[in-house]
Amino acid sequence: GARASYEKYKVFPSVVIAQAIDESGWGKSALAQKGNNLFGIKADKAWKGKSVEISTSEHYNEKIVASFRSYNSLQDSVKDHSLFLINNKRYRKHGLFEAKDYISQAQSLENAGYSTAEDKKGNRIYAELLIDVIRSYNLQLIDNKVETK
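The rules behind each value
Residues numbered from 1 in each chain as written. Predicted model: local features only at pLDDT ≥ 70, side-chain atom pairs only at ≥ 80, totals over all residues. Heavy atoms only, no water. Helix = DSSP H or I, 4+ residues; strand = E, 2+ residues; numbered from the N terminus. Buried < 20%, exposed > 50% of the residue type's maximum accessible area, 1.4 Å probe, protein only. Contact = heavy atoms within 4.5 Å. Polar contact = N/O pair within 3.5 Å; in protein donor to acceptor, adjacent residues only side chain to side chain. Phe/Tyr/Trp six-rings, centres within 6.5 Å; stacked < 30°, edge-to-face > 60°. Salt bridge = Lys/Arg side-chain N within 4 Å of Asp/Glu carboxyl O. 1 Å grid on protein atoms, 1.4 Å probe; cavity = no way out; pocket = protein on both sides within 12 Å on 5 of 7 lines; lining within 4 Å. Points joined across faces, edges and corners; volume = space filled by probe spheres on them. Nonpolar A, V, L, I, M, F, W, Y, C, P; charged D, E, K, R; others polar.

Concerning the environment of Phe 68
The topology assignment puts Phe 68 in strand β2 (residues 62–69). By relative accessible area, which is 4% here, Phe 68 ends up buried. For Phe 68 and Gly 35, which are 33 residues apart along the polypeptide, the C-alpha to C-alpha distance reads 8.0 Å. Residue contacts for Phe 68: discarding those within four places in its chain leaves Leu 31, Asn 37, Gly 40, Ile 41, Lys 42, Ala 43, Lys 50, Ser 51, Val 52, Ile 54 and Thr 56.

Regarding helix α6 (residues 102–111)
Listed in full, the buried residues belonging to α6 are Tyr 102, Gln 105, Ala 106, Ser 108, Leu 109 and Glu 110. If you check the start of α6, you find a side-chain oxygen 3.1 Å away from the backbone N of Ile 103, and it comes from Asp 101. The first or second residue beyond α6 is Gly 113, which carries a positive phi of 85 degrees.

Considerations on the packing of aromatic side chains
Applying the stated criterion across every chain yields a total of seven aromatic pairs. For the pair Tyr 6 and Phe 12, a centre-to-centre distance of 5.4 Å together with 35 degrees between the ring planes defines the contact as tilted. Ring geometry for Phe 84 versus Tyr 114: centroids 6.2 Å apart, planes at 85 degrees, classification edge-to-face. With a gap of 30 residues between them, Phe 84 in helix α4 (residues 74–87) and Tyr 114 in the loop between α6 and α7 (126–136) connect regions that are remote in the sequence.

Overview of the pattern of salt bridges
As enumerated under the stated definition, the model contains two salt bridges in all. The salt bridge partner of Arg 92 is Glu 98, with a shortest N-O separation of 3.7 Å. What makes Arg 92 partly exposed here is its relative accessible area of 44%. Of the residues examined, Glu 98 reaches a relative accessible area of 43% and is grouped as partly exposed.

Some words on the environment of Lys 89
In this fold, Lys 89 is placed in helix α5 (residues 89–93). Among the residues examined, Lys 89 registers a relative accessible area of 73% and is labelled exposed. With 42 residues separating them along the chain, Lys 89 and Ile 131 place their C-alpha atoms 23 Å apart.

As for the layout of surface pockets
If you add up the space inside the second largest pocket, you get close to 200 Å³. Around the second largest pocket, the lining is made up of 14 residues, and of these Ile 17, Ala 20, Leu 38, Phe 39 and Val 78 lie nearest the centre. Secondary-structure elements contributing two or more residues to the lining of the second largest pocket are α2 (13–24) and α4. Sort the elements by how many residues they give to the lining of the second largest pocket and α2 lands first, with five residues. Its residues assigned to classes, the lining of the second largest pocket comprises 10 nonpolar, four polar and no charged.

Right under this line is the structure:
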């Protein structure tokens, strides 16, 4: 699914995989278990599919209960993640699809507001989190494979 996302939408596989790892805790989060949602995508008023209510953290330590998209399968979650990025103009506006590497793409996601992840001082850290996951597991090697096709 991550490779297909790159071929169709130019979202680097390393970024898709790192987001899934980070957002779902390696698929062990309540949201991943109850709703097959690997990316923490909320169910806003425009969402016509199923949803699930889950307790989550916003910003550094604010706890809330939110409505999240729910999918029939993990594959559906990966497909919808790509569509979510394409259909939300803020990602194009912040250069997500023009980015030439995973570092730039991770920063574009942070700049566009994909995540509210912050450190204790209130600094946004989402790009750093994704880049750390990518480098820790050498996920950039997958990017190299799809780019040379």
